[in-house]
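# Observations on the three-dimensional arrangement
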Amino acid sequence: MSNKARVAVLVSGGGTNLQALIDAQHSGLIEKGEIVVVISNRESAYAIERARKAGIDTHVVTRKACGGQEGFEAKVKEIIDGYNIDLIVLAGFLTILSKDFVTYYDHKIINIHPSLIPSFCGDGFYGIIPHEAALARGVKVTGATVHYVNEVADGGEIIAQKAVNVEDGDTPETLQRRVMEQAEWLILPVAVAKICRKIVAERR
Ligand code: GAR
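Residues numbered from 1 in each chain as written. Predicted model: local features only at pLDDT ≥ 70, side-chain atom pairs only at ≥ 80, totals over all residues. Heavy atoms only, no water.

## Comments concerning the site of the ligand
- Near the ligand, the surroundings consist of 15 residues, among which Gly-15, Thr-16, Asn-17, Gly-127 and Glu-184 are the closest.
- Measuring from an oxygen atom of the ligand, one finds a backbone N or O atom of Gly-14 at 3.4 Å.
- At 2.9 Å, a side-chain N or O of Asn-17 approaches an oxygen atom of the ligand.
- Within the complex, the protein chains bury 92% of what would otherwise be the 450 Å² of accessible surface of the ligand.
- Put simply, the ligand lies in the largest pocket.
- Secondary-structure elements contributing two or more residues to the shell around the ligand are helix 1 (16-27), strand 5 (109-113) and helix 6 (172-203).
- Residue composition of the shell around the ligand, grouped by class: six nonpolar, eight polar and one charged. (Near = heavy atom within 4 Å. Polar contact = N/O pair within 3.5 Å; in protein donor to acceptor, adjacent residues only side chain to side chain. Areas by Shrake-Rupley, 256 points an atom, 1.4 Å probe, with all protein chains shown as cover. 1 Å grid on protein atoms, 1.4 Å probe; cavity = no way out; pocket = protein on both sides within 12 Å on 5 of 7 lines; lining within 4 Å. Sits in = over half its atoms within 2 Å of the grid points. Helix = DSSP H or I, 4+ residues; strand = E, 2+ residues; numbered from the N terminus. Nonpolar A, V, L, I, M, F, W, Y, C, P; charged D, E, K, R; others polar.)

## Here's the deal with the side chain of Arg-50
- One can find Arg-50 in helix 2 (residues 46-53).
- At a separation of 3.3 Å, a polar atom in the side chain of Arg-50 contacts the main-chain carbonyl oxygen of Gly-15.
- Apart from the residues lying within four places of it in its own chain, the contact partners of Arg-50 are Gly-14, Gly-15, Thr-16, Leu-18, Gln-19 and Ile-22. (Contact = heavy atoms within 4.5 Å.)

## Notes on helix 5 (residues 129-137)
- Those residues of helix 5 not exposed but buried are Pro-130, His-131, Ala-133 and Ala-134. One side of helix 5 carries all its buried residues, which in axial view fall inside an arc of 160°.
- Looking at the packing, one finds that the buried side of helix 5 touches strand 5, strand 6 (141-148) and helix 6.
- At the exit of helix 5 stands Gly-138, carrying a positive phi of roughly 80°. (Buried < 20%, exposed > 50% of the residue type's maximum accessible area, 1.4 Å probe, protein only. Arc of directions from axis to C-beta.)

## Things to note about the layout of surface pockets
- In this structure, the largest pocket spans a volume of roughly 720 Å³.
- Tallied by class, residues from the lining of the largest pocket come to 15 nonpolar, 18 polar and five charged. (Points joined across faces, edges and corners; volume = space filled by probe spheres on them.)

## Digging into helix 3 (residues 69-82)
- Over its 14 residues, helix 3 extends 20 Å from the first C-alpha to the last, a length consistent with the 20 Å expected when each residue adds 1.5 Å.
- Packed against the buried residues of helix 3 are strand 1 (5-11), strand 2 (33-40), strand 3 (57-60), strand 4 (87-90) and helix 4 (99-104).
- Immediately beyond the C-terminal end of helix 3, within one or two residues, lies Asn-84, with a positive phi of roughly 55°. (Expected span 1.5 Å × (residues − 1).)

## Regarding the packing of helix 5 against helix 6
- Relative to each other, helix 5 and helix 6 sit at 115°, their axes nearing to 9 Å. Between helix 5 and helix 6, the interaxial angle falls into the category roughly perpendicular. Viewed along their axes, helix 5 and helix 6 form a crossing whose handedness is right-handed. Together, His-131, Glu-132, Ala-134 and Leu-135 of helix 5 and Pro-172, Leu-175, Gln-176 and Val-179 of helix 6 make up the contact between the two elements.
- When the residues that make up the contact of helix 5 with helix 6 are grouped by side-chain class, the tally is five nonpolar, two polar and one charged. (Axes fitted to C-alpha atoms, helices over the stretch in contact; angles between N-to-C directions. Parallel < 35°, antiparallel > 145°, perpendicular 65-115°, else oblique. Left-handed = near helix turned anticlockwise from the far one by under 90°.)

Written out as C-alpha cells, the structure reads:
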C-alpha cells in the first residue's frame, strides 16, 4: 500500500490553485500526498483540463444533472468514498456544502479563501467579490486564508494565513492576481503538505 495520503481536489473554475498543488506534488513539496481525483461542479471549468494534463482522474458533477443539492452531494460522496480519500481540498470550489456533508467529513475538508478571515468572508463572498469589498472598504492589507471547513461558511479552524499589501490604483482584478501569486499559491500547497505528513504519521 502507498504510504501517501490520498487527496481529492474540488474545483469550479480556472484551477490556478489546483495547478499550484499539482506543481507542488511534482516538485516534491507534497511528498506525503497524492492528488488522486479532481471533481468539478462546472463542465466548463479549465481546472478539469489541468487535471487531465497531469494524468489525474476527473469527474464533473452538476447539481442540474443530479436533480438538486442532495443528489449532487450524494454523487460527490460516492466518488470521494470510492477513491478512499484522506483529505478533500476545496480549491476555488464556489458552492456551499451542506451541514450533513461537512459533518460527515469532519476535519477532512480544507478550503482556500481569498481574504484574511474574518474579513470579507462568509455567504456570498467568493471569487472576485472579497477583493471588491476590500477595495471598497479601503483596507491597506488583505491576503488569503486556508481553513478547515465546518457548517459555518468560512467559519472553520484557521490553518494558515498570509498578508498581501493593497497598492494605489489596484482594481479587483490586480488585487486578486497579487493575492493569488503572493499568498494563495504558496500557503495552500504548504498546508496540504503539512496535513498529508500528519495523516501518514498517524497511520503508523
Ligand atoms: C481563488 O481566488 C480562491 O481563493 C477563490 O476562488 C478563486 C479560484 O481560483 N475561492 C473562494 O472564493 C472560495 N470562497 P482558481 O480556480 O484559479 O484556483
